[in-house]
Amino acid sequence: MGVCCLAGGFYLQNNMLPKAPHLPTLMGVFSLAAIFSELGNGANFALVPHCNSYNNGVMSGLVGSFGNLGGIIFALVFRFQTEAGKAFWIMGAICIAINVLLIAVPVPKY
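Residues numbered from 1 in each chain as written. Predicted model: local features only at pLDDT ≥ 70, side-chain atom pairs only at ≥ 80, totals over all residues. Heavy atoms only, no water.

Colleague: Is there a simple way to explain a nonpolar patch on the surface in this structure?
Modeller: A surface patch of nonpolar side chains, amounting to about 470 Å² of accessible area, comprises Val58, Leu62, Phe66, Leu69 and Ile73. Along the polypeptide, Val58 turns up in helix α3 (residues 56-80). Its relative accessible area of 53% is what places Val58 among the exposed residues. (Patch = residues over 30% accessible without salt bridge, like charges linked within 9 Å, V, L, I, M, F, W, Y side chains within 5 Å. Areas by Shrake-Rupley, 256 points an atom, 1.4 Å probe, with all protein chains shown as cover. Salt bridge = Lys/Arg side-chain N within 4 Å of Asp/Glu carboxyl O. Helix = DSSP H or I, 4+ residues; strand = E, 2+ residues; numbered from the N terminus. Buried < 20%, exposed > 50% of the residue type's maximum accessible area, 1.4 Å probe, protein only.)

Structural data, given as structure tokens:
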């Protein structure tokens, strides 16, 4: 998702005026970003029972609350960015940075 948003944001930002961006290219890039976003959401919620099987409710609440926090952060990015593609590439950079930071988090093996 991060790479797709980064690419789509740069493409949109660099192809505004005087020529319009190619709509099928934008639709393809952001459709891929949406697919990877939903795959990531499913993977996050699939790991919940494996992390702490005795407190599934607490873990599900934490995962959901951090999802809401991400929604608020990205809404603020889109609110305060006036350029067409800048908000998308900022969103992509944030996604890539968070994924790089979370590589070190161990997943329990049962």
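Colleague: Just checking my understanding: could you explain the environment of Leu12 for this structure?
Modeller: Tracing the sequence through the fold places Leu12 in helix α1 (residues 2-14). Remark: the alpha-carbon pair of Leu12 and Thr25, spanning 13 residues in sequence, is separated by 9.9 Å. Residue contacts for Leu12: discarding those within four places in its chain leaves Pro21, Leu26, Ala84, Gly85 and Phe88. (Contact = heavy atoms within 4.5 Å.)

Colleague: Sorry if this is basic, but what is going on with helix α4 (residues 86-102) here?
Modeller: Think of an α-helix as 3.6 residues a turn; residues three or four steps apart then line up on the same face. Between the first and last C-alpha of α4 there are 24 Å, a value that for 17 residues agrees with the 24 Å anticipated at 1.5 Å per step. Those residues of α4 that sit buried are Ala87, Ile90, Met91, Gly92 and Cys95. Looking at the buried residues of α4, the elements they touch are α1 and α3. (Expected span 1.5 Å × (residues − 1).)

Colleague: Just checking my understanding: could you explain the packing of α1 against helix α2 (residues 23-51) for this structure?
Modeller: In a packed pair of helices, the relevant descriptors are the angle between the two axes and the axis-to-axis distance. It is the contact of α1 with α2, at a shortest axis distance of 9 Å, that shows an interaxial angle of 155°. As summarised for this structure, α1 and α2 are arranged roughly antiparallel, according to the angle between their axes. Note that α1 runs across α2; the crossing there is left-handed. Residue-level contacts link Cys4, Cys5, Gly8, Gly9, Tyr11 and Leu12 of α1 to Thr25, Leu26, Val29, Phe30, Leu32, Ala33 and Phe36 of α2. Looking at the contact of α1 with α2, its residues break down into ten nonpolar, three polar and no charged. (Axes fitted to C-alpha atoms, helices over the stretch in contact; angles between N-to-C directions. Parallel < 35°, antiparallel > 145°, perpendicular 65-115°, else oblique. Left-handed = near helix turned anticlockwise from the far one by under 90°. Nonpolar A, V, L, I, M, F, W, Y, C, P; charged D, E, K, R; others polar.)

Colleague: What's the story with the nonpolar core in this structure? I'm lost.
Modeller: Among soluble globular proteins, nonpolar side chains are generally buried collectively. One finds Cys4, Cys5, Ala33, Phe74, Met91 and Cys95 forming the largest nonpolar core, which totals six residues. Discounting chain neighbours no more than four positions away, the residues touching Cys4 are Val29, Leu32, Ala33 and Phe36. (Core = buried A, V, L, I, M, F, W, Y, C linked by side-chain atoms within 4.5 Å.)

None of this, on its own, says anything about what the molecule does.
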